[in-house]
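Take a look at the letters that make up each chain.
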Amino acid sequence: MTAPHAIDGAALLDEVEAFHRRFNVFPTEAAYVAVALWDAHAHLIDCFETTPRIAFLSPEPGSGKSRALEIVELLTPRPVATVSASANALYRLVDSAEGLPTVLFDEVDTIFGPKAGADEALRGFLNAGYRRTTGALRCVGEGSNQNAQLFNSYCAVAMAGLGSLPDTVLTRSVIIRMRKRAPNEKAEPYRQRIHEKQGHAVRDRLAKWADGVREQVAGAWPEMPEGVTDRPADVWEPLLAVADVAGGDWPARARAACLELVHAAHDNDEASLGVRLLTDLRDKVFCGADRMPTAAIIECLLRMDDAPWGDLDDKPINSRTLARLLGQYVTPANKPIKPRGIRTPSGFPKGYYADDLTDAWTRYCPPSPEESATSATSATPQVNRGESVADTATPIRHMSAEAATQPTLAH
């Protein structure tokens, strides 16, 4: 039974969303829903097994990312804003804080960007702190008097930066892809002296509401939208739990936002190089053939204008790179995929068999377009029943057995 003076959760989330709308121009309605739920979840973080990161990313500066973090900072508990921090400092902050902090990383691209190098310790903090049960072992003490101590890393983290983030961080995040405001998109100028108190008033009501629903949220197992499983389900479960407890139209809005942002993340994020290679081999190279010489595979890959194969670390893909990338995956017999000899009338070149690739295609590649096999067959060299590419009528020039085994093809 609802207490006479209980806070209306749906109305409060409406207020959180409205506060963001005053100062932030997000790309979609789903983004407003996700950010409001994320703000609320930070007040209930002790109720969950996981805490999703939220990442405001854009290709260009001046897209409102820092402003989004500033408003999140007003609405979340014990915020700690930083543009530079060591992993050890963050572990100690989380472990010693009176209540879990909300860590806000601005300019996160300077930490993970291509010119910054890999910061594995900080990446480890972000990844480990996503789940309650993980932490970090650190030696504590002076000189030879050292003792191993487990530091907690579980806390809410919001990030803003240019470009993208490491895949291990992205998959643990709700991704908001910011963009510059169009001329017809307006936002209220933010003035800290005026608006900080207003934001803190909303934050305090969120904290009070959270205290009243903590037991309900801790025992919640929200129903996931169709097709949202595995890591995306882990990411969205806390947000959906908050929406369900708030009630009103928030459960429906939350699930619609979940589907939209999960699908957008799949559409916008480039697949790993290995998955891209497997998919291109299936859809644009083999196309139903049961085997292909390495030279023919490389020739096809280099003909793809919209693919990365002509410039991998400033060099085109060659037989060695192809073998290294495919060797990460296994055959149906659980052995690394390797080139094998292919008997042809003109020689015995090395190549790859579709049977060796089928398991990896099934496990890692997105569903094949219905028309891919038929549309690409006429333009792709087919090798079946021991034929060589040179023995088929295709646009690709004649290649000898010797050329088929060379690391790269001359242009």
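Keep in mind the model is a prediction, meaning the values are calculated, not measured.

1. Topic: helix α11 (residues 273-286)
Within α11, the axis deviates most sharply at Asp280, by approximately 35°. Counting buried positions along α11 gives eleven out of 14 residues, so the element sits mostly inside the fold. Residues of α11 that are buried include every one of Gly274, Val275, Leu277, Leu278, Thr279, Asp280, Leu281, Arg282, Asp283, Val285 and Phe286, and no others. Where α11 terminates, the next one or two residues include Cys287, which has phi positive at roughly 50°.

2. A few points about the packing of α11 against helix α13 (residues 319-326)
A pair of packed helices can be characterised by two numbers: the angle between their axes and the separation between those axes. The contact between α11 and α13 brings their axes to 10 Å, and the two run at 105°. Looking at the two axes, α11 sits roughly perpendicular to α13. Taken together, the residues of α13 that come into contact with α11 (itself represented by Leu273, Leu277, Leu278 and Leu281) are Leu322, Leu325 and Leu326. For the contact of α11 with α13, the residue count by class is seven nonpolar, no polar and no charged.

3. So, the pattern of salt bridges
This structure, assessed with the given rule, holds 17 salt bridges. Across the pair Asp280 and Arg276 runs a salt bridge whose closest N-O atoms are separated by 3.0 Å. With Asp280 and Arg276 both in helix α11 and four residues apart, this pair spans about one turn of that helix. Where salt bridges share partners, they join Glu17, Arg21, Glu29 and Arg253 into one cluster.

4. Some points on the pairing of strand β7 (residues 173-177)
In terms of burial, β7 is a largely internal element, four of the five residues being buried. Bridge count for strand β1 (residues 53-58) against β7 is five bridges, and the pairing is parallel. Looking at the pairing, Ala55 lines up with Ile175 of β7.

5. Side note on the sheet that holds strand β9 (residues 340-341)
One open sheet holds the three strands; their spatial order is β8-β10-β9, and the pairing between them is antiparallel. The sheet terminates laterally at β8 (291-293) and β9, the two strands that pair on one side only. With three bridges connecting them, β8 and strand β10 (residues 350-353) associate as antiparallel partners. Within β10, the residue paired with Arg291 across the bridge is Tyr353. Across the sheet, helix α12 (residues 294-302) is in contact with β8 and β10; its angle to β8 comes to roughly 85°. Across the sheet, helix α14 (residues 354-364) lies against β9 and β10, angled at about 50° from β10, the strand it touches most.

Rules used throughout
- Residues numbered from 1 in each chain as written.
- Predicted model: local features only at pLDDT ≥ 70, side-chain atom pairs only at ≥ 80, totals over all residues.
- Heavy atoms only, no water.
- Bend = angle between axes of the 7 residues up to and from the residue.
- Helix = DSSP H or I, 4+ residues; strand = E, 2+ residues; numbered from the N terminus.
- Buried < 20%, exposed > 50% of the residue type's maximum accessible area, 1.4 Å probe, protein only.
- Axes fitted to C-alpha atoms, helices over the stretch in contact; angles between N-to-C directions.
- Parallel < 35°, antiparallel > 145°, perpendicular 65-115°, else oblique.
- Contact = heavy atoms within 4.5 Å.
- Nonpolar A, V, L, I, M, F, W, Y, C, P; charged D, E, K, R; others polar.
- Salt bridge = Lys/Arg side-chain N within 4 Å of Asp/Glu carboxyl O.
- Pairing = 2+ DSSP bridges.

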